[in-house]
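These are the residues of each chain, in order.
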Amino acid sequence: MKKQLLVWAVLLMVSGIYGQSEKSIQGHQTPMMGWASWNHFRVHINEQIIRAQTDAMVATGMKAVGYTYINIDDGFFGGRDAAGNIKSHPLRFPGGMGALVAYIHSKGLKAGTYSDAGINTCGSYWDKDSIGIGMGLYGHERQDLEQMLNKWRFDFIKVDWCGGEWLGLDEQTRYTEIGRLIKAIKPQAVYNVCRWKFPGKWVANVANSWRVSGDIREQFAAIAKIIDLNADLWPWCGPGHVNDMDMLQVGRGMSFEEDKAHFSMWCMLNSPLLAGNDLTKMSKETLGILTNKELIAINQDPLVYQARRLRDDGDQEVWARPLKHTMSGEIAVALFNRAEQKARIKFHPDSLSIDAKKGYTMRDLWNKKSYARTTDKEQSFEVPGHGVVVLRIKGTSLPYNVFQYK
């Protein structure tokens, strides 16, 4: 009896940790899913492109599996009017932002926008998009947020840091101030802090997501680096607040196995799933990766428990996370191979919270293969170079298991 009471006390403790975020942060409780313009188009966006991506999200079936947001990143600005109100670019967006957001909403989707914590946007300098000069929130905070969130009716806002850094602003003070304004103006709006590194534990009570790295590149080494940057940040992830590993590069030049590994680890580590490719020109392989329902179910699991690296043998790693709750007996496991050559990766279910002697089943989420119930104490899988094997395991949880403590 004492043992049962202790287990329940631990469960209540863990539930309390995760429950705190639901009270403090509005918006999405699981990681957001959608598409963002930056990776593929950068500042070279226009109304036709955004409408085409919106239509493609519906036509390809991505909306049907959970992709919801169409995020318009830097590049839409057209200066300010005499009253200081932001205008969209008259040639790139002749219909105006309000009408474009209404079109996105008409498709049953949500719309995201972009700004900067300082005076100027990142694209104004790095992409020579001079119209981005003066388009940041600094000095226009309430005015801009009212326009973007209420008048134009955007549902999400990403706030970059180039302008904030150039002004020498304090990031905690600045992002907290912006977050409070967003909550006051539109409490249900989703807020992303784009600081290019983990800002600090304070951010979990300020934003729904925050970048943990610099901009992602379509290279396996860049993917692996971001995974490492996020590996120890799992304590700050929970319902309503997640570590953002940046937009997906699936379908933008890496190999099929690399794309699968990339998508898998973003799902395992609870990153937002924001496709960064051209949705109108996807291969069947790319679409198949982005719409793998069983991987998406891991990313959208309501516990929002970020996977942890529980075994590290150099280039071969074992990552795992509980599903539903920490004593459910259901876990997701990723066998991640950083080497260029294929390798065999082993793991012991007992080390991942599953009581092997009581029996368990496994399902390979990429090969769609289910394994018969077994009591084997060790499992071994061959993993492709730069690849991954992802398993969903069902059994009985060990008491006092590794997932019960923050």
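Each remark here, short or long, concerns the structure printed above.
The structure presented is a predicted model; accordingly, all values stated were derived computationally and were not measured. (Residues numbered from 1 in each chain as written. Predicted model: local features only at pLDDT ≥ 70, side-chain atom pairs only at ≥ 80, totals over all residues. Heavy atoms only, no water.)

1. Observations concerning helix 3 (residues 47–59)
Convention followed: Only runs of H or I of at least four residues qualify as helices and only runs of E of at least two qualify as strands under DSSP, and these elements are numbered from the N terminus. Multiplying one less than the number of residues by 1.5 Å gives the expected span of a helix. Here the term buried applies to any residue with accessible area under 20% of the maximum for its type, exposed to any over 50%, and partly exposed to those in between, with areas from a 1.4 Å probe on protein chains only. Contacts: residue pairs with any heavy atoms within 4.5 Å of one another. Polar contacts here mean pairs of N or O atoms no more than 3.5 Å apart (in protein, one a potential hydrogen donor and the other a potential acceptor; neighbouring residues in sequence count only if both atoms are side-chain atoms).
The end-to-end C-alpha separation of helix 3 is 18 Å, in line with the 18 Å expected for 13 residues at 1.5 Å each. The complete set of buried residues in helix 3 reads Glu-47, Ile-49, Ile-50, Gln-53, Thr-54, Ala-56 and Met-57. Taken together, the buried residues of helix 3 touch strand 1 (33–36), helix 2 (38–41), strand 2 (69–71) and helix 4 (97–106). One side-chain oxygen at the N-terminal end of helix 3 lies 3.0 Å from the backbone nitrogen of Gln-48; it belongs to Asn-46. Of the residues trailing helix 3, Gly-61 is marked for its positive phi of about 90°.

2. Regarding the pattern of salt bridges
A side chain of one charge can pair with a side chain of the opposite charge if their charged atoms are brought near each other. The criterion, for reference: Any carboxyl oxygen of Asp or Glu within 4 Å of a side-chain nitrogen of Lys or Arg constitutes a salt bridge here.
Under the counting rule described, the total for this entry stands at 25 salt bridges. As a salt-bridge pair, Arg-309 and Asp-228 come within 2.9 Å of each other at their nearest N and O atoms. A residue pair is termed long-range when its members are at least 10 positions apart, and Arg-309 in strand 11 (residues 308–312) and Asp-228 in helix 9 (residues 220–230) qualify at 81 residues. The exposure class of Arg-309 is partly exposed, given its relative accessible area of 28%. Lys-342 is the partner of Glu-382 in a salt bridge, and the nearest nitrogen-oxygen pair spans 3.8 Å. You can see Glu-382 sitting in strand 17 (residues 379–383) and its partner Lys-342 sitting in the loop between strand 13 (330–337) and strand 14 (343–347), a full 40 residues away along the chain. Note on Glu-382: relative accessible area 45%, which makes it partly exposed. Residue class for Lys-342 comes out exposed when judged on its relative accessible area of 59%. What emerges from the salt-bridge pattern is a single network uniting Asp-228, Arg-309, Glu-317 and Arg-338.

3. Some details on the sheet that holds strand 5 (residues 110–116)
We count it as follows: Two strands make a pair as long as DSSP finds a minimum of two bridges between them. Only the stretch in contact is used when a helix axis is fitted, and all axes are lines through C-alpha atoms; the angle between N-to-C directions ranges over 0 to 180 degrees.
In space, the 8 strands of this open sheet follow the order 9-8-7-6-5-2-1-10, with parallel pairing throughout. Every interior strand has two partners, whereas the edge strands, strand 9 (242–244) and strand 10 (273–275), have only one. Adjacent strand axes in the sheet meet at a mean angle of 25° when their direction is disregarded. Relative to strand 7 (residues 190–193), strand 6 (residues 156–160) runs parallel, the two being bridged by 4 bridges. The residue bridging Lys-158 from the neighbouring strand is Asn-192, located in strand 7. The strands touched by helix 3 are strand 1 and strand 2; relative to strand 2, the strand with the most contacts, the crossing angle is about 160°.

Take it as geometry only, folks, not as evidence of what the structure does.
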